[in-house]
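Structural characterization, general
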Amino acid sequence: MQTALSNALLQTRAGQEADEILRNCVHCGFCNATCPTYQLTGDELDGPRGRIYLIKQVLEGRPPGEKTRLHLDRCLTCRACETTCPSGVDYHRLLDTGRALTAQALPRPVAQRLLRLVLRKLLARPRLFTPLLRTGQLLRPLLPGVLKAGIPPYRRSSPFRPGAAQQRTMLLLEGCVQPALAPQFNRATQSVLHALGIDAVKADGAGCCGALSHHLDAGSEAKMFMRRNIDAWWPQIERGAEAIVITASGCAPMVKEYGLFLADDPDYADKAARVSGLARDLSEVVAAEQPERTLAQAPATRIAFHSPCTLQHGQRINGVVEGMLGKLGYTLTPVADGHLCCGSAGTYSILQGRLATQLRDNKLAALQQGAPETIATANIGCYHHMAGHAGVPVVHWIELLSNLLPETSP
Ligand code: SF4
Ligand code: SF4
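Presented here is an overview of the structure given in this document. Just so it is clear, the model here is predicted, and its values are computed rather than measured.

This part covers the packing of helix H4 (residues 48-59) against helix H5 (residues 66-73). Any two packed helices are characterised by the angle at which their axes cross and by the distance between the axes. Direction vectors running N to C along H4 and H5 enclose 135°, while the axes themselves pass 10 Å from each other. With respect to each other, H4 and H5 are oriented oblique. Where H4 crosses over H5, the two elements pack in a sense that is left-handed. Mapping the contact onto sequence places Arg 51, Leu 54, Ile 55 and Val 58 in H4 and Thr 68, His 71 and Leu 72 in H5. By residue class, the composition of the contact of H4 with H5 is four nonpolar, two polar and one charged.

Turning to the pairing of strand E7 (residues 374-377), a few remarks are in order. Burial along E7 is two-sided: the face carrying Thr 374 and Ala 376 and the face carrying Ile 375 and Thr 377 are both buried. Both strand E5 (residues 302-305) and E7 contribute to a ladder of three bridges, which runs parallel. Along E7, the bridge assignment pairs Phe 305 with Ala 376. Inspection of the sheet shows E7 paired to strand E8 (residues 394-396) by three bridges, in the parallel sense. The partner of Ile 375 across the bridge, within E8, is Val 394. On the question of chirality, the crossover connecting E7 to the parallel E8 by way of helix H23 (residues 380-387) is right-handed.

Turning our attention to the site of ligand 2. For ligand 2, the set of nearby residues contains 13 residues, the closest of which are Cys 35, Arg 51, Cys 75, Cys 78 and Cys 81. When each cavity is represented as a set of grid points, ligand 2 is found to reside in the second largest cavity. Mapped by element, the contributors of at least two residues to the shell around ligand 2 are helix H3 (36-41), H4 and helix H6 (80-84). Tallied by class, the residues present in the shell around ligand 2 amount to nine nonpolar, two polar and two charged.

So, on to the packing of aromatic side chains. By the definition in use, this model includes two aromatic pairs. On the basis of an interplanar angle of 75° and a centroid distance of 4.9 Å, the ring pair of Phe 185 and Tyr 383 is categorised as edge-to-face. Of this pair, Phe 185 sits in helix H12 (residues 183-195) while Tyr 383 sits in helix H23; the two residues are 198 residues apart in sequence, bridging distant segments of the chain. The exposure class assigned to Phe 185 is buried, which follows from its relative accessible area of 1%. Arranged with centres 6.4 Å apart and planes meeting at 20°, the rings of Trp 233 and Tyr 258 form a pair that is stacked. On the criterion of sequence distance, the pair formed by Trp 233 in helix H14 (residues 219-238) and Tyr 258 in helix H16 (residues 258-261) is long-range, its members being 25 residues apart. Note on Trp 233: relative accessible area 0%, which makes it buried.

Our focus in this paragraph is the pattern of salt bridges. Taken as a whole and assessed by the stated rule, the structure comprises 23 salt bridges. Ionic pairing is found between Asp 264 and Arg 13, a salt bridge with its closest N-O pair at 2.8 Å. With Asp 264 in the loop between H16 and helix H17 (269-278) and Arg 13 in helix H2 (residues 13-24), the pair connects residues that are 251 residues apart, well separated along the chain. Given the relative accessible area of 55%, Asp 264 is considered exposed. With its nearest N and O atoms 3.1 Å apart, the salt bridge here joins Glu 60 to Lys 56.

The subject of this paragraph is empty space enclosed by the protein. For the coordinates displayed, the defined rule picks out three cavities of 30 Å³ or more. Taken as a whole, the largest cavity holds about 130 Å³ of empty space. Every residue lining the largest cavity is counted, 17 residues in all, and those nearest its centre are Cys 25, Cys 31, Ile 52, Cys 85 and Val 89. Listing elements by their share of the lining of the largest cavity, those giving two or more residues are H4 and H6. Tallied by class, the residues present in the lining of the largest cavity amount to 12 nonpolar, three polar and two charged. There is about 90 Å³ of room inside the second largest cavity. Secondary structure elements with two or more residues in the lining of the second largest cavity: H3, H4 and H6. In terms of residue class, the lining of the second largest cavity is made up of nine nonpolar, three polar and two charged.

The full set of residues close to ligand 1 is Cys 25, Val 26, His 27, Cys 28, Gly 29, Phe 30, Cys 31, Ile 52, Cys 85, Pro 86, Ser 87 and Val 89. Counting atoms within 2 Å of the grid points, the majority share of ligand 1 lands in the largest cavity. Residue classes in the shell around ligand 1 are distributed as nine nonpolar, three polar and no charged.

Definitions and cut-offs
Residues take numbers from 1 onward in each chain, read along the sequence in its written order. By the order in which they are written, chains take letters starting at A while ligands take numbers starting at 1. At least 70 in pLDDT is required for a residue's local features to be given in this predicted model, at least 80 for side-chain atom pairs to be given and counted, and no such filter applies to totals for whole chains, interfaces and linings, which use all residues. Hydrogens and water molecules were not included; the side-chain quantities draw on all heavy atoms of the structure. For helices, the fitted line uses only the C-alpha atoms of the stretch in contact; every axis is such a line through C-alpha atoms, and the angle between N-to-C directions lies from 0 to 180 degrees. In this text, helices come from DSSP runs of H or I with a minimum length of four residues, and strands from runs of E with a minimum of two, each type numbered from the N-terminal end. Just so you know how the angles are binned, under 35 degrees is roughly parallel, over 145 roughly antiparallel, 65 to 115 roughly perpendicular, and the rest oblique. By definition, any crossing whose near helix is turned counterclockwise from its far helix by less than a right angle is left-handed, and any crossing with a clockwise turn is right-handed. Every residue pair with non-hydrogen atoms within 4.5 Å of one another is taken to be in contact. For this classification, the nonpolar set comprises Ala, Val, Leu, Ile, Met, Phe, Trp, Tyr, Cys and Pro, the charged set comprises Asp, Glu, Lys and Arg, and every other residue, Gly included, is treated as polar. Partly exposed describes any residue whose relative accessible area lies between the buried limit of under 20% and the exposed limit of over 50%, with all areas from a 1.4 Å probe on protein chains only and scaled to the type maximum. Here the rule is simple: two strands pair whenever DSSP picks up at least two bridges between them. A right-handed crossover is one whose linking path, passing over the helix from the first strand to the second, runs clockwise when the strands point away from the viewer. Only a single heavy atom is needed: when it lies within 4 Å of a molecule or strand, its residue is near that molecule or strand. The method works on a 1 Å grid over the protein atoms by themselves. A cavity is a set of points holding a 1.4 Å probe that cannot get out, a pocket is an open set with protein on both sides within 12 Å along at least five of seven lines, and residues with an atom within 4 Å of a point line them. Cavity and pocket membership follows a simple rule, namely that a molecule belongs there if more than half of its atoms are within 2 Å of the grid points. Pairing of aromatic rings covers Phe, Tyr and Trp, the last counted by its six-membered ring, and requires centre-to-centre distances within 6.5 Å; plane angles under 30 degrees mean stacked, over 60 mean edge-to-face, and any other angle means tilted. Only one rule defines a salt bridge in this text: a Lys or Arg side-chain nitrogen within 4 Å of an Asp or Glu carboxyl oxygen. Grid points are joined across faces, edges and corners, and a volume is the space filled by probe spheres set on the points.

This is how it looks when you write it as structure tokens:
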């Protein structure tokens, strides 16, 4: 694709990167076939090719209008288009630049800005979010059905009891909403890793990975979270922590790109690149330890696995969780259109409720087709989006492994 970006923009790293990405696109439209929003609306501008055109116009100096914002907002950032694209177009990086320029040139109406501010301040801060969630959980029995479905019942998780110290240490990213919404995920992770010979330690001061702010027009705030995490992790990294384990597949692609986000920061560029090099999705860490050699075999149970977009498209990790579950004796049921997003996509389910609900209903129908007893996933967002509506329990796959721990494990 030919481009005509201004010289001023081409002087910037983001401008150069966007120009290169645009030039890679040959406008074939293969990506539309796997785009969830294009499939729902049938509108070219709700597909990747149309969005690339909208972003190109903005990059070439045409002021963005409401239509530009609408179609960029409707993008889930699921990255299914990247998996499909034969030319290797790095769509999400282009989208980041397009969204940032649009937000600058066309400030959002006050109500939208306020909602985004509240979401950022609330969800990324466990000290605010946890007490609010607990209050909601207390009042849950009195709430009408729609509100009730949005608040998961309180689940006490058995505390992790560290056994003897292990020789290997990895850092564990706890996440922002996950410790409050599903504390059992991190407990199960620590228990399974410990049984596999790894201490998964939390670092005081680490928290939200920055993805939430990044996707809500607050790039500087996202970088602040990244720097904060790097500072919190650095002492353990210097002491030899092998990896940074991330249990939410939605956070892992972000941490794996800290090096890119902070490349222009003279104080953090090197550290950020090191952190990105150490970042691992939980599935990568556990699979490498061959858990079938340590854990018990599972009782016959039918599991439907929903692979989050952030796992299969964002990190290109495919079949790893399914392989582990199969080796441990679980029976995996077939899932049609497994490449499609469930509609969670961070705060998308709040900001684009209609599309998100359609996608969730389609996803649950596909997952339930093989009559599973449990649905497993790998991301807190997908879990929360589906859990109240699935008709069967929804879990993180690591919980299925923690059910198979030997009796003597913590
Ligand atoms: S598949 Fe790739 S090259 Fe083709 S239109 Fe989509 S982004 Fe462009
Ligand atoms: S990221 Fe997902 S929703 Fe956005 S254009 Fe690509 S396939 Fe469509």
